[in-house]
Amino acid sequence: MAESLPLEMLTYILSFLPLSDQKEASLVSRAWYCAAQNALRETNVRYNIPVSSASLLAIKSLGLRGISCISLTNLDGSPTSHLVLQSVAYHLGPHLQSLCLGGGSPTEASFVALVLGCPALRTLDLSGCNSLFTSGTLLAQPEMAQRVRQALSGLRELKLACLRNLADLSFNQLSSCVPSLERLSLAYCHLNFELSPAQGSINPQDYSPSQLSFHNLLRFVKERAGKLRALDLSGTGLPPEALHSLGQVAGLQLQELSLHSCRDLSTEAVATLCRQQPGLISLDLSGCSELTDGALLAVSRGLQHLQHLSLGKLQRLTDAGCTALGDLRELQSLDMTECCLVSGRELAQALGSVSGAPPPLTSLRLAYCSSLKDASMLSLIPALGPSLRVLDLSSCVALSNRTLQAICTYHTHLSVLRLAWCKELRDWGLLGLEESSEKSAMCPQVLQFPQLRQLSLSLLPALTDMGLVAVARGCPSLEHLVLSHCSHISDEGWAQAAGYWPRLQHLNLSSCSQLTEQTLDTIRQACKQIRVLDVAMCPGINVAAVRRFQAQLPQVTCVQSCFVGGADLTLTL
């Protein structure tokens, strides 16, 4: 019946499936294959292509399928790299929309030739490609710059992170070729914040050929204020006065701003920013260690349309700062990782006291919040709402099975759950039992996460085979599973659990001391989609067993096995 459906309808239906299921559906028939490829293309799946002669056929095949998003790895100035770039430009270039060069070292000539063959680019990532900017002559010739400007006329996003050789002149030469730019990343580039030249016009000779200056960046922002919507200045050491200068640029209406690890920023500077740029919908202040509760209060009251907020590693943040979070009625993701003074009590009250529906949170990260207690979590979890898909409580060491059971009750639609080093968790919590019923032979299967794709249970010292099997039965859709340092899990437990995980792709079993090569055989037979396996520091597994496993499952791209059988081995395709 499905075979008779039009290709467009099949594509629409398959677009609702997870990526792994779309891949499986493509094996059903030729019609399903075509529909699955269309669905993958529409979701902008990124294809990672290693630079080697063996990739040339794959590039041609991807070109026939109209793939629009790729990342090239191991790129250098070799003839092979030049040949690969030529192939990408010829087969993929006409419809390529997103290109990442993966920190490679292309020559200037090969890069220019590649860009000229990709007129549809919308995103270009040159992060870490220092070789392009070493000489300072990239696009210095006016004729070539004009051709590149025409090819990149539609570029919307440019990523220039981690470039130690980027200077004013090379930045200006490249940025002049992207007239429609809306998003710019200079994360972890060295910015010079010395005083600007005298007021008035800035001559080209004032621009530095050897360093990237803030006054030059500010000039760029002023020129592009009407179009620029997103800036990433993480790790640049941005001081308060520089943030103030950026925020007050006439006509600038930022929607996204990332200031991760700008440690000199003050609470007052953040409060001023919220007044200057009230239209922000995404703000990352993680690692800005000088910020206090006042910064969060200013954000909550000044950025009414904020959807994504990152506050990780703010050691001075306390419960008092969380009181106004309920004002963020459109908040979708909240990251408070390593906010060690936050107990969750005020957070629960803020989210639970909102009149009407709670904020539509889809992601909440509270990893390493060591002050979190069961009492506050039992109030917070029901208040989070049904839209939650990602929950990270890693290393919240005081949480117990009571929190886990609340999660099982209210958030069965999670796709990512991380509970690593929640060391108070026990098997009976995974089984949904009261503690007094731990030894009961007949227990209800309460743990049910049918849509869960990623689960981390590493460093749980009390997890045994019984808990492992409970997880397997309740989470049949897992694709990524981390169980490192779970020393009580044995071959017998895996023999019972593996059959429930046919979709498993990434598996970490490092330092699971009871496992032997029997578990490798079990995984090989039951988990046919496995791609990455980590069995490092597993004394019961030897090198010969790892090599045999790799040979029998050629689709496995990486096996980590450091110190297995006395060897330090990583097998990678």
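Residues numbered from 1 in each chain as written. Predicted model: local features only at pLDDT ≥ 70, side-chain atom pairs only at ≥ 80, totals over all residues. Heavy atoms only, no water.

## Things to note about helix 5 (residues 79–92)
Taking 1.5 Å of rise per residue, 14 residues should cover 20 Å, and helix 5 covers 19 Å from first to last C-alpha, within 8% of that figure. Listing the buried residues of helix 5 in full gives Ser81, Val84, Leu85, Ser87, Val88, Ala89 and Leu92. Buried residues along helix 5 sit against helix 4 (56–64), strand 2 (69–73) and helix 6 (108–116). (Helix = DSSP H or I, 4+ residues; strand = E, 2+ residues; numbered from the N terminus. Expected span 1.5 Å × (residues − 1). Buried < 20%, exposed > 50% of the residue type's maximum accessible area, 1.4 Å probe, protein only. Contact = heavy atoms within 4.5 Å.)

## Digging into the nonpolar core
Leu160, Leu309 and Trp494 are the most contacted members of the largest nonpolar core, which has 161 residues in total. Not counting residues within four places of it along the chain, the set of residues in contact with Leu160 comprises Leu126, Ser127, Phe133, Leu166, Phe171, Leu174, Leu184, Ser185, Leu186 and Cys189. Formed by five residues, the second largest nonpolar core is a distinct cluster that contains Leu10, Ala25, Ala35 and Ala36. (Core = buried A, V, L, I, M, F, W, Y, C linked by side-chain atoms within 4.5 Å.)

## Regarding the layout of surface pockets
In this model, the second largest pocket occupies a volume close to 300 Å³. In terms of lining residues, the second largest pocket is bounded by 22 residues, among which Arg183, Asp232, Glu256, Ser258 and Ser282 are the most central. When residues of the lining of the second largest pocket are traced back to their parent elements, those giving at least two are strand 5 (157–159), strand 6 (183–185), strand 9 (230–232), strand 10 (256–258), strand 11 (282–284), strand 12 (308–310), strand 13 (333–335) and strand 14 (363–365). The residue inventory of the lining of the second largest pocket, partitioned by class, reads seven nonpolar, seven polar and eight charged. (1 Å grid on protein atoms, 1.4 Å probe; cavity = no way out; pocket = protein on both sides within 12 Å on 5 of 7 lines; lining within 4 Å. Points joined across faces, edges and corners; volume = space filled by probe spheres on them. Nonpolar A, V, L, I, M, F, W, Y, C, P; charged D, E, K, R; others polar.)

## So, the pattern of salt bridges
Following the criterion strictly, the structure yields twelve salt bridges and no others. Here Glu479 makes a salt bridge to Arg453, at a shortest N to O gap of 3.5 Å. Of this pair, Glu479 sits in the loop between helix 17 (465–474) and strand 18 (480–482) while Arg453 sits in the loop between helix 16 (427–430) and strand 17 (454–456), and the two are 26 residues apart along the sequence. A relative accessible area of 12% means that Glu479 is categorised as buried. One network of salt bridges, with partners in common, ties together Glu157, Lys159, Arg183 and Glu256. (Salt bridge = Lys/Arg side-chain N within 4 Å of Asp/Glu carboxyl O.)

## With respect to the confidence of the model for the chain
Of the residues in the chain, 91% have a pLDDT of 70 or more, and the chain-wide mean is 89. Per-residue pLDDT stays below 50 along residues 197–202; that stretch engages in three contacts with residues further than four places along the chain or on separate chains. This model gives residues 436–442 a pLDDT under 50, and the stretch forms three contacts once residues within four places in sequence are excluded. (pLDDT = per-residue confidence, 0-100.)

## Some remarks on a nonpolar patch on the surface
A surface patch of nonpolar side chains, amounting to about 460 Å² of accessible area, comprises Met9, Tyr12, Ile13 and Phe16. You can see Tyr12 is positioned in helix 1 (residues 7–14). Using a relative accessible area of 55% as the deciding quantity, one classes Tyr12 as exposed. (Patch = residues over 30% accessible without salt bridge, like charges linked within 9 Å, V, L, I, M, F, W, Y side chains within 5 Å. Areas by Shrake-Rupley, 256 points an atom, 1.4 Å probe, with all protein chains shown as cover.)

## Observations regarding the packing of aromatic side chains
Applying the stated criterion across every chain yields a total of three aromatic pairs. Ring centres 5.4 Å apart and planes at 35° place the aromatic pair Phe193 and Phe214 in the tilted group. Residue Phe193 is located in the loop between strand 7 (191–192) and strand 8 (212–213), and its partner Phe214 is located in helix 9 (residues 214–224); the two are separated by 21 residues in the primary sequence. Take Phe193: its relative accessible area is 25%, and that puts it in the partly exposed class. (Phe/Tyr/Trp six-rings, centres within 6.5 Å; stacked < 30°, edge-to-face > 60°.)

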